[in-house]
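So you can see what is in the structure, the chains are spelled out below.
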Amino acid sequence: MPAETEKPPSKRDRILAAAAQVIGERGLDAFVVKDITARAGVTPQLTYYHFPNRQALVRGVFQYAAERAPSVNLLHLDREASGYEALRSALHAEFDDSPEVRDLNLIWNEVTALPIEDPELAEAVQRATERWNEQVTIGILRGLADGSVETAAAPQAVAELLTALVEGLSQRWLAGLITPDDARRTLDVVLSTIRRA
Amino acid sequence: MPAAQQPSKAESTRAAILGAATELLSEHGVRGVTVEAVAEAADVSLGLLYYHFENRQDLIRAALAEALDHYAYRRPPQELPPAERLRTALSQHVGVTTEAARQDRVYAEAMRAAAFDTAIRPALARTLEGWNGGMTRLVSAAVPQLAEAHPEAPAETATALTALVDGLQQRVRSSLLPAERGLELLGLATEAVLAGGPSDAG
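In this text, all values refer to a predicted model and were calculated from it rather than measured experimentally.

Trainee: Help me understand the overall build of chain B, please; the structure alone is not making it clear to me.
Mentor: Helices and strands together make up the secondary structure of chain B, namely 10 helices and 0 strands. Put simply, chain B runs from its N terminus to its C terminus through helices and strands in the order α-α-α-α-α-α-α-α-α-α. Referenced to the eigenvectors of the C-alpha coordinate spread, the extents of chain B come out at roughly 65 × 40 × 30 Å. Considering only residue pairs separated by 6 or more positions, chain B has 62% of its internal contacts joining residues 24 or more positions apart. If you sum the accessible surface of chain B, you get close to 9,700 Å²; carbon and sulfur atoms cover 53% of it. Counting 18 positive and 25 negative side-chain charges, chain B places the centres of these two groups 3 Å from one another.

Trainee: What should I look at first to understand the interface of chain A and chain B in this one?
Mentor: Quoted interface sizes are often the accessible area lost when the parts come together. On the side of chain B, 45 residues touch chain A, which itself brings 48 residues to the contact. For the pair chain A and chain B, the summed buried surface comes to about 3,700 Å²; carbon and sulfur atoms form 59% of the total. Ranking the residues of chain A by area buried against chain B places Leu114(A), Arg172(A) and Leu177(A) at the top, with a combined share of 18%. Here chain A is connected to chain B by 6 salt bridges. Asp29(A) is the partner of Arg31(B) in a salt bridge, and the nearest nitrogen-oxygen pair spans 3.1 Å. At the junction of chain A and chain B, the tally comes to 15 residue pairs in polar contact (both at pLDDT 80 or more).

Trainee: Is there a simple way to explain unusual backbone geometry in this structure?
Mentor: For residues other than glycine, phi is negative in most cases, and the peptide bonds are mostly trans. Residue and element names in this part refer to chain B. Positive phi is not limited to glycine here, since aspartate 43 has a value of about 60°. Secondary-structure assignment places aspartate 43 in the loop between helix H2 (35-42) and helix H3 (46-52). At serine 175, a position not held by glycine, the phi torsion is positive, near 60°. Residue placement: serine 175 occurs in the loop between helix H9 (153-173) and helix H10 (179-195).

Trainee: Hey, could you run me through the nonpolar core in this one?
Mentor: Within soluble globular proteins, side chains that are nonpolar generally end up buried alongside one another. With 126 residues, the main nonpolar core has Phe62(A), Leu87(A), Leu162(A), Val38(B) and Leu124(B) as its most contacted residues. A total of 11 residues in this core trace back to one element, the largest contributor, which is helix H10 (residues 155-174) of chain A. Each of domain 1 (11-63) and domain 2 (82-194) of chain B contributes no fewer than three residues to this core. Apart from the residues lying within four places of it in its own chain, the contact partners of Leu162(A) are Leu87(A), Leu91(A), Val136(A), Ile140(A), Val190(A) and Leu191(A).

Trainee: Is there a simple way to think about the packing of aromatic side chains in this case?
Mentor: The relative placement of two aromatic rings is captured by the distance of their centres and the angle of their planes. All names here are of chain A. Per the stated rule, a full pass over the model turns up 4 aromatic pairs over all chains. Here tryptophan 108 and tryptophan 132 contribute two aromatic rings whose centre-to-centre distance is 5.6 Å and whose plane-to-plane angle is 75°, an arrangement assigned as edge-to-face. Of this pair, tryptophan 108 sits in helix H8 (residues 99-112) while tryptophan 132 is found in helix H9 (residues 119-146), placing the two residues 24 residues apart along the sequence. We classify tryptophan 108 as buried; its relative accessible area is 11%. Judged by its relative accessible area of 6%, tryptophan 132 falls in the buried class.

Trainee: I keep staring at the domain arrangement of chain B and nothing clicks. Help me out?
Mentor: Residue and element names in this part refer to chain B. Per the domain assignment, the segments of chain B are domain 1 (11-63) and domain 2 (82-194). Domain 1 puts 10 residues into the contact, and the matching count from domain 2 is 8 residues. For the pair domain 1 and domain 2, the two sides together bury roughly 770 Å², of which 48% comes from carbon and sulfur. The largest contributions to the domain 1 side of the interface with domain 2 come from Ser26, Val30 and Arg61, which together make up 51% of the buried area. Applying the counting rule to domain 1 against domain 2 returns 3 salt bridges. The salt bridge involving arginine 102 is made with glutamate 23; its shortest N-O contact spans 3.2 Å.

Rules used in this analysis
Residues numbered from 1 in each chain as written. Chains lettered and ligands numbered in written order. Predicted model: local features only at pLDDT ≥ 70, side-chain atom pairs only at ≥ 80, totals over all residues. Heavy atoms only, no water. Helix = DSSP H or I, 4+ residues; strand = E, 2+ residues; numbered from the N terminus. Contact = heavy atoms within 4.5 Å. Areas by Shrake-Rupley, 256 points an atom, 1.4 Å probe, with all protein chains shown as cover. Lys, Arg positive; Asp, Glu negative; His and termini not counted. Charge placed at Lys NZ, Arg CZ, Asp CG, Glu CD. Buried area = accessible area lost by both parts, 1.4 Å probe. Salt bridge = Lys/Arg side-chain N within 4 Å of Asp/Glu carboxyl O. Polar contact = N/O pair within 3.5 Å; in protein donor to acceptor, adjacent residues only side chain to side chain. Core = buried A, V, L, I, M, F, W, Y, C linked by side-chain atoms within 4.5 Å. Buried < 20%, exposed > 50% of the residue type's maximum accessible area, 1.4 Å probe, protein only. Domains from an automatic or database assignment. Phe/Tyr/Trp six-rings, centres within 6.5 Å; stacked < 30°, edge-to-face > 60°.

Here's what the structure looks like:
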C-alpha cells in the first residue's frame, strides 16, 4: 500500500506509544481517544486515518504491546548465558514496575483477562500467544541442547505452562496483590523443576 | 416496633440490590452491571438504588466485595489420597462449564478492576489468601517432605500452582486454550513441583 508506506512510520508508533500510556493509566473500558491524540501531539484526523475506530485502536495497541513483550525479545539477546539462565531472565523481565513494562503488561492483561468480543482481536491474541509460546519453546530447546535444562515433558508443553504461569502472576502483580519480586520467586518454583542439577 | 428487632427494610433492600448486582456480575461481568439493569433486576427504583449506592463504581465495588467474601471453595472428597485431593481441588478451576467457573469469572473481573481501583484490593487479597491457604494445606498433606526441607516450601509451591491455575483459567475462558489441554498442563506442573525436581512425567 503506497499511501501507507509514504507516511513516516513514527507517527503511527507515536500514537500507539501514547495509547499504551493512556490505556495503562485508565484501562480499556475508560480510556478516551482525545487523551491519546493530545499526548501523541497529532491531529484527531491522523489518529482516525490510522485507526478508524476504537476497536482498530485497541487491536493496534495490543499488537504494539505484544511485539514489545520483554520475554519474547530478550530471550535471544543473551548469547553468553546458558539456555536456562537466558530463559529465566527473559521471563523475570516481565515483572517490572517501570511504566513502560507495566503498561505493556496491563494492555495484555486487559485484553486477555475476559472473553474477547472482537473476533479480529481474538485472532490477534491467539497468534501473539502462539508466538510467545514458540519463542519460549526455542529457549527451552536451547537449554536442552546446552545441558542447562532437563525435562521429560514436551518442550512445547513446558513453554505453554510457563507463559500461562507468567500471565497468572502478572494479574496478581497488576492488581497490587504481589510485588514483582514475589512474582519472580514464585515463577522460580516452577522454573527450577526444569533446571538440570 | 423497635427497628433493631428485625432486619430493617433498608437492609433488605440493600441486600436485594447487591444480590442482583452480583448475579449480573457473574453472568455478564463488570461491563454488564449498569445501574438500570441492577435496579430492574432488584425491582427497585433508580432513586432507591442511588440512596444506597452513591454511583455505579460504588455499587460495583460493593458487589465485587460481596461476591469475593462469599467465594465458596468446594472441598475435594476426604476419602481421596492427599495428592489426588490436591489435583481435584486445582482442576475444578480450569474449565468453563464447572460450578466454580461463575465464581472464577467474578474473581477475574475483580482482579482486572483492582489494577485501577485500589478499593477492591482488600477483598481480593482475602480471597487469594484463602485460595493459597487451602492449597498450602493440601500440598503439605500430599508431600510432607516439602515442609521438612523448608518451612515455606509448601506455601510457595501452592502459590505457584494457584497462579498457574489462574493463568490457565484465563486462557480457557478466552477460548485461547481447550480446557482438556489446560488440565493436561496443570497435571504436568503438579507432578513436577510435587516431585520437587525435574519432571519425569511423560
